[in-house]
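Reading the structure
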Amino acid sequence: MDKYDHKRIDSKWQEIWSSKGLYQTKDEKDKPKYYVLDMFPYPSGAGLHVGHPKGFIATDILARLKMLQGFNVLHPMGWDAFGLPAENYALKNKLHPKESTDKNIATFKSQLKKIGFTYDWEREINTTDPEYYKWTQWTFLKMYEKGLAYESHEPINWCPSCKTGLAQEDLEDGKCERCGSEIERKPMRQWVLRITEYADRLLNDLDKLEGWEDSIKEMQRNWIGRSEGAEVSFKIKKQKAKSKNENCHSEGAQATEESNASISSQTSDQASGELKVFTTRPDTLFGCTYCVVAPENQTILNLESSISNWNEINDYIKKTKKKSDLERTDLNKDKSGVRIEGIMAVNPADGEEVPIFVADYVLPNYGTGAIMAVPAHDERDFEFATKRNEELRNKNEELIGIRCVVSPKDNREHLRLVGNTPEEDSQKILEEIHRGERCYFWKGENINSDFLNGLETDEAKKKMIEWLEEKGVGKGKVNYKLNDWVFSRQRYWGEPIPIVHCPVCSTVAVPEDQLPIELPQVENYEPTGTGESPLAGIDEWVNTTCPKCSGPAKRETNTMPQWAGSSWYYLRYIDPKNDKALVDKDKEAYWSPVDFYVGGAEHATRHLIYARFWHKFLYDIGVVNYEEPFTNLQHVGLIMAEDGRKMSKRWGNVINPDDIVEKYGADALRVYEMFMGPFGQSVSWSTNGLEGARRFLDRVWNLSDKIYEKMEETERELHKTIKKVGEDIAEFKFNTAISQMMIFVNKAVDLGVDKDIFEKFLIVLAPFAPHIAEELWEKTGHKDSIFKEEWPKFDPEMIKEEEIDLVVQVNGKLRDTIKVPADISEEEAKKIALASKR
RNA sequence: GGGCAUGUGGCGGAACUGGUAGACGCGUACGACUCAAAAUCGUAUGGGAGCAAUCCCAUGAGGGUUCGAUUCCCUCCUUGCCCACCA
């Protein structure tokens, strides 16, 4: 007989599938739909390595299973071709991004086609196609219309090497995620999307996403970073001339009492402003002994005239600016800061005047950029106060108070929870806080806090917020770590932002019927580094007329970030050629949402948050009918090189799927990648393992020549296999599915099979190894594709074990193993066991 | 520092809601076929004791619950990922 000739078989079936249009998806609305989606790749110059197709193989298996189960399946592919990586690659290789992108797409596509995917290439999309990005721009206009897209001049993250502003999400360790350069903070005009408006919905709807892995949901929760607390206003007053405390060179605790004594002393100095702070612990307001503002905070700049040591403050602000983000967030670094002389902040709770510092441990872009410091109950404040006090003590000046207002509860369980050894008791901790030797930031009971005394933390918080609101000096407030999305890039290779700047009408949206605003062809597309995009240099494109007044105007030259086009692409596959709408309503209603989405975990806090936000917006304006885009989400584990490192040109350990397909066949690659280990886990490539997969296919091939008679034992195994493979694919447990198929084949080789059993097995195998399955299906006498068949049903009777081994143990020791009927009752089993013991 | 994972033979990994740990694959050893090798097929393969039936030990470490724990609980350790002065 002939051998399994994978080269002939692979290309034969790939041709047949494509010429017959087997995988072209029709909108057959009488059938149930199933939408399986891969995160579309950006076509880099390096081409695919063997790790890329792993996720694609998985979705392909799922798609083929669903086809066999009678679903109308949508399984599309496209290209995320805009953005920095594509542009940097083009720059490096001295090519126009358009040319290099097209070339790379061609390479990727040919590589993918060799693996035999069910992609419907009629629906291929490309984010750089004007017919596609027309709708990206359209959505931007809608957001602008609703006030969700706005211009801002706040300092943002700037990558000096990529010469563009970046979003919070584009940083890694304070460095540019793409090139690793240290990020600078640079004030510049930019477009920003108000994603924070959706923060609560993005957070709360996570609970509805039962088909998402918990780890990814948790990452999103942390990224959104919701915290409840209060915003409190401190009045700013001119500092009185140095007074009674001048002579006080005592310890911190005593200084605290001194200042306690002055609580009610009212001054007649004029208030010269207000300092707003955010805190999650309004219950500790009575423990506030100073305030800190971030160096970037505008409040201090406005108070220049009242500040007596302005030069010193100004120096500090300048120094901070020079620090990179990395230096600034370096935790090991001592907390630096300068006291602002000449003004004091008034604690609204007790009227006490407390000093104000500038310090860079307070971040400008969280909360109000200013805090109330409670050193007795916050680690960072404690560290700062302790450090300052050392200096102050040397200078014989008044110390910063460390005032305890929360007493740990005298409860062993509680103390253990908050990280204290059981020997420590609350009294001892309390004494230490009082002496200013430690801080305590967990919950407890309020003391030294006037009307909060005796209340537990949660109640105290509530009461304080009520009180603040009543007095009009503060309010309950929720804050997020999530920042609004910095949406403009000063680069060439992105969607132009459809806005016109008119000297008369200022900022004007481009009317919808003028979309798309196409990216002009230019000679020089290198970034300028000036804060303007290279588009600014193209006069004939920049100069336009104002849509409102028809006067001369200039186009917006910033472009959108890479994440723009990928935030909604899954909707476009549903209706890729529609020039009237982003997506047809009926088609959207049929196909949406995506049933299963597979891609890298690195997108958990970028693409997946952006896409959810974009989708919710489209929901709000009635474009889509469902609030969440992806029902099930599964992340792919990386494939590492055989040496355990990441596959990379640098290490010379990259394996190209083309070579594997050539040598072992597409089906061997598919089976092996799914058999390597649990799908979500990263595993190292092993050529020996790959050979094992190929051996399995050879055994299947050889089995087709040994079809004789029906064997009950084999038939039983078949039914088990049908059940297990079907279930395992749905749970993405491909490794155990393949293991079960191997068990079946081993049994079939040993005991024999008949035609019926073998054919059913071929259908089960087909999603994994479609080429060989088609070939053998034809060989057994079928004319049509195996994928027109129905997924076989298993007979529960065939799966039941008739007898099971009952293990008899006495005191944990194995005494006997006896065969009993599988459906035995517990009592009977006991009887038999007891009888056998004797 | 916080969050989420993770830890099982020489290796990748199985083990359903607690029930004979090591399925399946790789590797290795021996055997068959061959003049020989490769490929293929067969047998064995966690460690220890024994001629053997069989027994003892073993799922990161240490405790606990249970007739019985890889699985549940507590303490600690390893490795990986994500976040990180977020008030």
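Residues numbered from 1 in each chain as written. Chains lettered and ligands numbered in written order. Predicted model: local features only at pLDDT ≥ 70, side-chain atom pairs only at ≥ 80, totals over all residues. Heavy atoms only, no water.

1. A word on the overall build of chain A
Assigned secondary structure in chain A consists of 29 helices and 32 strands. Taking all contacts inside chain A whose residues are at least 6 apart in sequence as the whole, residues at least 24 apart take part in 76%. Accessible surface, chain A: about 38000 Å² in total, of which carbon and sulfur atoms supply 47%. (Helix = DSSP H or I, 4+ residues; strand = E, 2+ residues; numbered from the N terminus. Contact = heavy atoms within 4.5 Å. Areas by Shrake-Rupley, 256 points an atom, 1.4 Å probe, with all protein chains shown as cover.)

2. Some points on the pattern of salt bridges
Any two side chains of opposite charge can pair, given that their charged atoms come close. A full pass over the atoms with the stated rule returns 55 salt bridges. Two residues, Asp120 and Arg123, come together in a salt bridge whose shortest N-O distance is 3.2 Å. Overall, Asp120 belongs to the buried group, its relative accessible area being 3%. Residue class for Arg123 comes out buried when judged on its relative accessible area of 7%. Arg645 is paired through a salt bridge with Asp643; the nearest N and O atoms lie 3.3 Å apart. Assessed through its relative accessible area of 43%, Asp643 is described here as partly exposed. Several salt bridges converge on common partners, so that one network encompasses Arg201, Asp205, Lys208, Arg612, Lys616, Asp620, Glu627 and Glu628. (Salt bridge = Lys/Arg side-chain N within 4 Å of Asp/Glu carboxyl O. Buried < 20%, exposed > 50% of the residue type's maximum accessible area, 1.4 Å probe, protein only.)

3. Here we look at empty space enclosed by the protein
Enumeration over the complete set of coordinates arrives at 3 cavities of 30 Å³ or more. Approximately 170 Å³ is the volume found for the largest cavity. Class assignment for the residues of the lining of the largest cavity results in 8 nonpolar, 4 polar and 6 charged. What the second largest cavity holds in volume is close to 40 Å³. Contributing to the lining of the second largest cavity are Ile236, Leu275, Val293, Thr299, Ile300, Leu303, Ile340, Ile343 and Ile356. For the lining of the second largest cavity, the secondary structure elements donating two or more residues are helix 9 (298-302) and strand 16 (338-346). Each residue belonging to the lining of the second largest cavity can be placed in one class, and the counts come to 8 nonpolar, 1 polar and no charged. (1 Å grid on protein atoms, 1.4 Å probe; cavity = no way out; pocket = protein on both sides within 12 Å on 5 of 7 lines; lining within 4 Å. Points joined across faces, edges and corners; volume = space filled by probe spheres on them. Nonpolar A, V, L, I, M, F, W, Y, C, P; charged D, E, K, R; others polar.)

4. With respect to the environment of Phe734
Positionally, Phe734 belongs in helix 25 (residues 734-751). When the C-alpha atoms of Phe734 and Leu638 are compared, they prove to be 15 Å apart, with 96 residues separating the residues in sequence. Dropping the residues within four chain positions of it, Phe734 is found in contact with Ala58, Ile61, Met674, Phe679, Asp728, Ile729 and Phe768.

5. A few points about the sheet that holds strand 11 (residues 190-193)
Taken in spatial order, the 3 strands line up as 5-11-22 in an open sheet, and their pairing is antiparallel. If you trace the sheet from one side to the other, it starts and ends with strand 5 (149-152) and strand 22 (485-486), each paired once. Here helix 5 (residues 130-145) sits on the sheet in contact with strand 5 and strand 11, set at roughly 80° to strand 11. (Pairing = 2+ DSSP bridges. Axes fitted to C-alpha atoms, helices over the stretch in contact; angles between N-to-C directions.)

6. Let's talk about the sheet that holds strand 23 (residues 499-502)
Sheet strands pair by backbone hydrogen bonding; their relative direction is either parallel or antiparallel. If you trace the 4 strands from one edge of the open sheet to the other, you get 24-23-26-25, paired in antiparallel fashion. Strands at the two margins of the open sheet, each flanked by one partner only, are strand 24 (506-509) and strand 25 (543-545). When the angles between neighbouring strand axes are averaged without regard to direction, this sheet yields 45°. Of the strand pairs in this sheet, strand 23 and strand 26 (residues 552-555) are connected by 2 bridges, and their pairing is antiparallel. Bridge pairing links Val500 to Arg555 in strand 26.

7. Structural notes on the nonpolar core
Formed by 174 residues in total, the largest nonpolar core has its most connected members in Trp485, Tyr569, Leu618, Trp685, Phe696 and Phe768. By residue number, the principal contributor to this core is helix 2 (residues 53-68), which donates 9 residues. For Trp485, the contacting residues outside a window of four places in its chain are Ala167, Trp191, Val192, Leu193, Ile195, Pro561, Trp563, Ser567, Tyr610, Phe613 and Trp614. In this structure, Phe357, Ile371, Ala385 and Cys404 belong to the second largest nonpolar core, which totals 62 residues. (Core = buried A, V, L, I, M, F, W, Y, C linked by side-chain atoms within 4.5 Å.)

8. Topic: unusual backbone geometry
Cis geometry is adopted by the peptide bond preceding Pro516, which originates at Leu515 and carries an omega value of -5°. Along the chain, Pro516 turns up in the loop between strand 24 and helix 16 (539-542). With omega at -5°, the peptide bond leading from Ser592 into Pro593 counts as cis. Along the chain, Pro593 turns up in the loop between helix 19 (585-591) and strand 27 (594-600). Phi angles above zero are rare outside glycine, and Phe732 is one such case at about 60°.

9. Notes on the packing of aromatic side chains
All chains considered together, the criterion is met by 44 aromatic pairs. Ring centres of Phe734 and Phe768 lie 6.4 Å apart, and the angle between their planes is 80°; on these two criteria the pair is classed as edge-to-face. Of this pair, Phe734 sits in helix 25 while Phe768 is found in the loop between helix 26 (755-765) and helix 27 (770-779), placing the two residues 34 residues apart along the sequence. Residue classification places Phe734 among the buried residues on the basis of a relative accessible area of 1%. Note on Phe768: relative accessible area 1%, which makes it buried. Members of the aromatic cluster, each reached through a chain of ring pairs, are Phe140, Tyr144, Trp191, Tyr198, Trp485, Phe487, Trp563, Tyr610, Phe613 and Trp614. Directly above the aromatic system of Trp158 lies the positively charged group of Lys186, at a separation of 4.0 Å from the ring centroid. Positioned over the ring face of Tyr150 is Arg194, at 4.2 Å from the centre of the ring. (Phe/Tyr/Trp six-rings, centres within 6.5 Å; stacked < 30°, edge-to-face > 60°. Lys NZ or Arg CZ within 6 Å of the ring centre and 35° of its normal.)

10. A closer look at the confidence of the model for chain A
With 88% of its residues at a pLDDT of at least 70, chain A reaches an overall mean of 86. In this model residues 243-268 is a low-confidence stretch, pLDDT under 50, and it forms 26 contacts with partners more than four residues away in sequence or in other chains. Overall, residues 412-423 carries pLDDT values under 50, and its contacts beyond four positions in sequence, including any with other chains, amount to 15 contacts. (pLDDT = per-residue confidence, 0-100.)

11. Remarks on helix 25
With 18 residues, helix 25 should reach 26 Å at 1.5 Å per residue; the first-to-last C-alpha distance of 26 Å fits that figure. For helix 25, the set of buried residues is Phe734, Asn735, Ala737, Ile738, Gln740, Met741, Met742, Phe744, Val745 and Ala748. Contact partners of the buried residues in helix 25: helix 2, helix 22 (666-675), helix 23 (687-703), helix 24 (712-730) and helix 26. Looking one or two places after helix 25, you find Gly752, whose phi comes out positive at around 105°. (Expected span 1.5 Å × (residues − 1).)

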